[in-house]
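Each chain is listed here by its residues.
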Amino acid sequence: MSTFEEVIAADRRIEPRDAMPDAYRATMVRQIAQHAHSEIIGMQPEGYWITRAPSLRRKAILLAKVQDEAGHGLYLYAAAETLGVDRAELAERLIDGRQKYSSIFNYPTLGYADVGVIGWLVDGAAICNQVPLCRSSYGPYARAMIRVCKEESFHQRQGYELLMTMMRGTAAQRELVQESVDRWWWPSLMMFGPPDGDSPNTARSMAWKIKRHTNDELRQRFVDMTVPQAGRLGVTLPDPELRWNAERGHHDFGTPDWDELKRVIQGDGPCNAERVEHRRRAHEDGAWVREAATAHAAKAARAAEAAEAARAARAAEAGRSTKEEVA
Amino acid sequence: MSWPLYEVFVRGKRGLNHVHVGSLHAADDESALHSARDLYTRRNEGVSIWVVRSAHITASSPDEKDPFFAPSGDKVYRHPTFYSIPDDVPHI
Amino acid sequence: MGPDDDTLAADGHWAFGTGFSDPLSGLPMPPAGADLAALCLALGDDALIMSHRLQEWCTRAPELEDEVALANIALDLLGQARLLLARTGRDEDELAFRRGAGEFRNVRLAEVPNGDFAHLVVRLLVFSTWRLALLTRLRDSDDEALAAIAAKGVKEVAYHRGYAARWTIRLGDGTAHSHERTRQALAAVWPLVDQLFAADGNPRSPDPADLREEFDAVVGHVLAEATLTIPETAAETAAERASRDEHTGALAVLLEEMQSVARALPGATW
C-alpha cells in the first residue's frame, strides 16, 4: 500500500478512492471544473456562427467541433465527479460566479475569420496547455485529457485550413484574417496564465505533478510553434518586439497586458456577463425537462416493481394450487 | 436535482473486451445507453456499449447495431487527416 | 507538438476510429431528370432547414447529453442535405446560399421557428416518422444514387425518431407541467402535418396515402405511451393547401441569417 507521496514520487497516478491531501482534492476539483466550464462556455463564441457558416462543408465542420466541446465538458465534469462533487453543483458554481473559466471566451467573435483564428491560436494554445495534462497525477483527469487531446487535434487543423483558404481568396478575406489575428493574438498568449513570478500556486502544483510546465515555459513553446505557421499563412503577428533570439534558441516577444487579464478574469471582460447569463438561462429553461425525465423514470420503476410483485404473487399462487392438487 | 450517474463501457472492436470510457448522467437506463452512443462513439469507435448504474448492467442488443452505430461513419471532418495542410507547416 | 514525450501525434493515431464510407462512391451518377432533381431538392431542403432549426438549439439544450445528441441529429440531416442537393446536379452552396425563400422547397414543418424543448421533440417526432417512411421506400429507387442516400438516411432517421419518441414519452408521461407543455407543442405542430402528405404530382414520390398509414400508426403508438392524443384540427387547413413553394415568413428570416456571411463577401472562397 503506497502513500500519496510515494505514488507521486514514483510518477504513478492517484485514483479516486486513494487517500489524498484535502488541498490536493480541492485543487483538482477546482482545476478540472474550470477546465470543464471553459469547454462549455467556449461553445458560445463559435456556436453563434454555426447557423451563419458560409458553406455547408464549413457548417458541418463547425457544428462537429462545437459538439466536441460539449462532449469534452462532459468528460471533464465526469472526472471531477470522481472526487465527490456533483455536476449539478458545479453548474451552479459556474452560474453564480464562484468558479471561473478560461478568460479567452470573454472576448467577442466578430466574423467568420474568428472561427479560423480560434481554431489556430486558441485551440493551438489549449493544446499546448492540455497535452502535458495527459500526464496529470490524477488518473481520471489524465485519462479524460487523452481523449480530449485526440479529438481536439482536428480543431486546430480545421482552423488553419479555413485561414489558408481565406488567404487564397479575395483581398477582403485576407484583411479579415489579419484583423482577426490582431485581436486574438494577445488574448491567446494570456491563456497560459499570469507570468511565473505572479503565479503563487505553480510550485505546489508542479510538486503534485498536476502541472508539468510553468506558464512561461508553455507560453514560449506556443510562440515558437506559432511564428512559422503565421509566416506560412502570410499574416503578421501584432508584436513589434517579436524576433528570433539565436542565443536563447527561442523567440523573444513583448509583454501581454496583464492588467487586462486581471480585469477579464475578475469579470470585467467584454462578454463575461453575456456568457454566464446565456448558460444560466439554458440551465433554468431545462429544469422542467430534467424533472419530467426523473418523474417518468420513477413511474416506470414503480410500474416495473408492481408488475414483478404481481408476477411473483401469481407464481406463489400457482405453486400453492399445485401443492394442493398433489395433496 | 440531477439525473443519476452511469458508467459507460465500450467494446472498441470485435475480439476486445468492453473498456470503461467514462461516465454520463441519465434519468433511466435506456436514455443512458443512447446518450452513451451519442457521446462516446461519435467517431465510429465501438461496436457495443454497456451502461452501468449501481449493480445494474445494460448492454445494447446486437440487432440494433445498424441504426445504433452507423451514423458516424461518414463524418470525415472529425478526423484531423481530413484537412489538407501543406507538409511545410510545422506542428499542426 | 514539440518533439518531447508529451507528443501524442507520434503514434500516428490522433483521432479514434477510421473507415469512412461515402454512400455515393462508385455509383453511376447520370444527369438527374426533372422529376428526380425536384424530389432530391425537396428532400434536401427539408433536411437543410430542419438541421438549421436544430443548430439553433446548440448551447441551449436542457442537459449536456442532449446537447451532444441534438448536434448529432443536426449533423446527420446536414449530411443528407448535402448528398441530396448534390444529386440535383447543382452546386450545394449555390443552392443553400444563393436562393431566395420562394425557391426553397422544404415543408413548413421544418421552417417554423423553435419553441420550447417539447416543441423540438414533437416536431422531430413528426418530421422523422414521416421522413423515415419516405426514405424507406426510396431505398428501392431505380436511381442508384438516391437509393444509396436513402439507405444511409434510413439508419440515421430511425435513430432520430427513437430519440424524439423517447423524449415525447418522457415529457408526456412525466410531470403535469411537462404533459401540458407537450400537449401544447403537439397542438402547435399538428396543423403542419397535412402538408407532408399532400400529393405533389411527382411520379418519383412515394404514395402519400401509404406513407400516412405508417405515420399514423407510429405516431399514434408513441402518443398513447406518452398519454397524449392527436389534437383535433379543422379538416382543411391553410398548411394543407400550401404547396412546397409557399412558405411562412419564418423562412425568409431564417435564410437572412443562414446566408448572411456568404452574401456579405461576394467572390469569396471558403
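Note that the structure is predicted; figures quoted are calculated from it, not measured.

Scoring rules and cut-offs
- Residues numbered from 1 in each chain as written.
- Chains lettered and ligands numbered in written order.
- Predicted model: local features only at pLDDT ≥ 70, side-chain atom pairs only at ≥ 80, totals over all residues.
- Heavy atoms only, no water.
- Helix = DSSP H or I, 4+ residues; strand = E, 2+ residues; numbered from the N terminus.
- Rg over C-alpha atoms; globule rule 2.2 N^0.38 Å.
- Buried < 20%, exposed > 50% of the residue type's maximum accessible area, 1.4 Å probe, protein only.
- Contact = heavy atoms within 4.5 Å.
- Areas by Shrake-Rupley, 256 points an atom, 1.4 Å probe, with all protein chains shown as cover.
- Salt bridge = Lys/Arg side-chain N within 4 Å of Asp/Glu carboxyl O.
- Polar contact = N/O pair within 3.5 Å; in protein donor to acceptor, adjacent residues only side chain to side chain.
- Axes fitted to C-alpha atoms, helices over the stretch in contact; angles between N-to-C directions.
- Parallel < 35°, antiparallel > 145°, perpendicular 65-115°, else oblique.
- Nonpolar A, V, L, I, M, F, W, Y, C, P; charged D, E, K, R; others polar.
- Core = buried A, V, L, I, M, F, W, Y, C linked by side-chain atoms within 4.5 Å.
- 1 Å grid on protein atoms, 1.4 Å probe; cavity = no way out; pocket = protein on both sides within 12 Å on 5 of 7 lines; lining within 4 Å.
- Points joined across faces, edges and corners; volume = space filled by probe spheres on them.

### Observations concerning the overall build of chain A
Stage number 1. If you tally the helices and strands in chain A, you get 13 helices and 2 strands.
Stage number 2. For 327 residues, the compact-globule formula gives about 20 Å, and the C-alpha radius of gyration of chain A, at 25 Å, lies well above that figure.
Stage number 3. Along the three orthogonal principal directions, the C-alpha set of chain A runs to about 100 × 55 × 35 Å.
Stage number 4. Within chain A, the fraction of its 327 residues that count as buried is 58%.
Stage number 5. Here the contacts in chain A between residues at least 6 apart in sequence split such that 77% fall between residues at least 24 apart.
Stage number 6. Carbon and sulfur atoms form 54% of the exposed surface of chain A, whose accessible area is close to 13200 Å².

### What about the pattern of salt bridges?
Stage number 1. According to the stated counting rule, one finds 39 salt bridges over all chains in the structure shown.
Stage number 2. Note that Arg280 of chain A is salt-bridged to Glu284 of chain A, the shortest N-O span being 2.4 Å. Of the two residues, Arg280 of chain A and Glu284 of chain A both sit in helix α12 (residues 272-285), 4 residues apart, roughly one turn of that helix.
Stage number 3. With relative accessibility at 46%, the residue Glu284 of chain A sits in the partly exposed group.
Stage number 4. Between Glu56 of chain C and Arg53 of chain C there is a salt bridge, with the nearest N and O atoms lying 3.0 Å from each other.
Stage number 5. Connected through shared salt-bridge partners, Glu46, Lys65, Glu69 and Asp123 of chain A make up one network.

### Considering helix α5 (residues 87-95) of chain A
Stage number 1. For α5 of chain A, the full list of buried residues reads Arg87, Leu90, Ala91, Arg93, Leu94 and Ile95 of chain A.
Stage number 2. Where α5 of chain A is buried, its residues touch α2 (22-41), α4 (56-81) and α12 of chain A, β2 (18-25) of chain B together with α2 (64-87) of chain C.
Stage number 3. For α5 of chain A, the side-chain oxygen to backbone nitrogen distance between the N-cap and Ala88 of chain A is 3.0 Å, and the N-cap itself is Asp86 of chain A.
Stage number 4. Gly97 of chain A sits one or two positions beyond α5 of chain A and adopts a positive phi of about 85°.

### Regarding the packing of helix α6 (residues 144-172) of chain C against helix α7 (residues 176-189) of chain C
Residues and elements named next belong to chain C.
Stage number 1. Orientation of α6 relative to α7, taken along the N-to-C sense of each, is 125°, at an axis distance of 7 Å. What the angle tells us is that α6 and α7 run oblique. Where α6 abuts α7, its residues Arg170, Leu171 and Gly172 lie against Ser178, His179 and Thr182.
Stage number 2. Of the residues contributing to the contact of α6 with α7, the split by class is 1 nonpolar, 4 polar and 1 charged.

### Some thoughts on the nonpolar core
Stage number 1. Grouped together as the largest cluster of nonpolar side chains are 197 residues, with contacts concentrated most on Trp120 of chain A, Leu24 of chain B together with Phe117 of chain C.
Stage number 2. Broken down by element, the residue count for this core peaks at 15 residues, all from helix α5 (residues 117-138) of chain C.

### Quick look at empty space enclosed by the protein
Stage number 1. Throughout the structure, instances matching the rule amount to 3 cavities of 30 Å³ or more.
Stage number 2. By volume, the largest cavity is sized at about 130 Å³.
Stage number 3. Around the largest cavity, the lining is made up of 14 residues, and of these Ser31 and Ser35 of chain B together with Asp66, Tyr163 and Trp167 of chain C lie nearest the centre.
Stage number 4. Every element with two or more residues in the lining of the largest cavity is listed here: α1 (29-40) of chain B together with α2 and α6 of chain C.
Stage number 5. Looking at the lining of the largest cavity residue by residue, the class counts come to 6 nonpolar, 4 polar and 4 charged.

Purely geometric numbers; function is a separate question.
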